[in-house]
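# Secondary and tertiary structure notes
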Amino acid sequence: MQYTPKTTDFFQNVFAIVRLVPKGRVTTYGAIAKYLGTGGSARMVGWAMNASHGVKPKVPAHRVVNRNGMLSGKAHFETPHQMEALLLKEKIKVKNEVVVDFEKLFWDPNVEIGI
DNA sequence: GCATTGACGAAGG
DNA sequence: CCCTTCGCCAATG
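Let me sum up the structure you'll find in this document.

Parameters at a glance
- Residues numbered from 1 in each chain as written.
- Chains lettered and ligands numbered in written order.
- Predicted model: local features only at pLDDT ≥ 70, side-chain atom pairs only at ≥ 80, totals over all residues.
- Heavy atoms only, no water.
- Helix = DSSP H or I, 4+ residues; strand = E, 2+ residues; numbered from the N terminus.
- Rg over C-alpha atoms; globule rule 2.2 N^0.38 Å.
- Patch = residues over 30% accessible without salt bridge, like charges linked within 9 Å, V, L, I, M, F, W, Y side chains within 5 Å.
- Areas by Shrake-Rupley, 256 points an atom, 1.4 Å probe, with all protein chains shown as cover.
- Salt bridge = Lys/Arg side-chain N within 4 Å of Asp/Glu carboxyl O.
- Lys, Arg positive; Asp, Glu negative; His and termini not counted.
- Charge placed at Lys NZ, Arg CZ, Asp CG, Glu CD.
- Buried < 20%, exposed > 50% of the residue type's maximum accessible area, 1.4 Å probe, protein only.

Along its length, chain A carries six helices and four strands. Going from the N terminus to the C terminus, chain A shows its helices and strands as α-β-α-α-β-α-β-β-α-α. Scaling as 2.2 N^0.38, a compact globule of 115 residues should have a C-alpha radius of gyration of about 13 Å, and chain A matches this with 13 Å. On the principal axes, the C-alpha backbone points of chain A span a range of 40 × 30 × 25 Å.

Rendered as structure tokens:
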């Protein structure tokens, strides 16, 4: 895909944040959007994730879930089982397509990195 | 160029 | 408390 310079920058920012998420932790689309200053446009973060396939270094998109901790993007992986498998690999428990103890595992860039 | 969609989120009924 | 609607902004038809 060909993006405008501005859009590319936004996408790269999203990728950068996602790669900063520690192993065994998760974050949300909204938190990333807020950190980037785009606030309510959490959808754009999801859009960026959609473009993260094949990006190097690999973007741990499986650590990004919606605000309920639900694996809303699992269908976009190579296989719907992939996201869940990767999370379990990092000791993150998944129950009924939802991250267990999501609040404890939640990694907010606005807090961890600094506002 | 207008209409629809989308890995979201908050608010309203 | 569940379901619907609206706002967000870019990409796609």
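Another aspect to go through is a positive patch on the surface. Judged by side-chain charge, K23, K58, K89 and K91 come together as a positively charged surface patch. With respect to the secondary-structure elements, K89 resides in helix α4 (residues 80-89). The exposed category is assigned to K89, whose relative accessible area is 65%.

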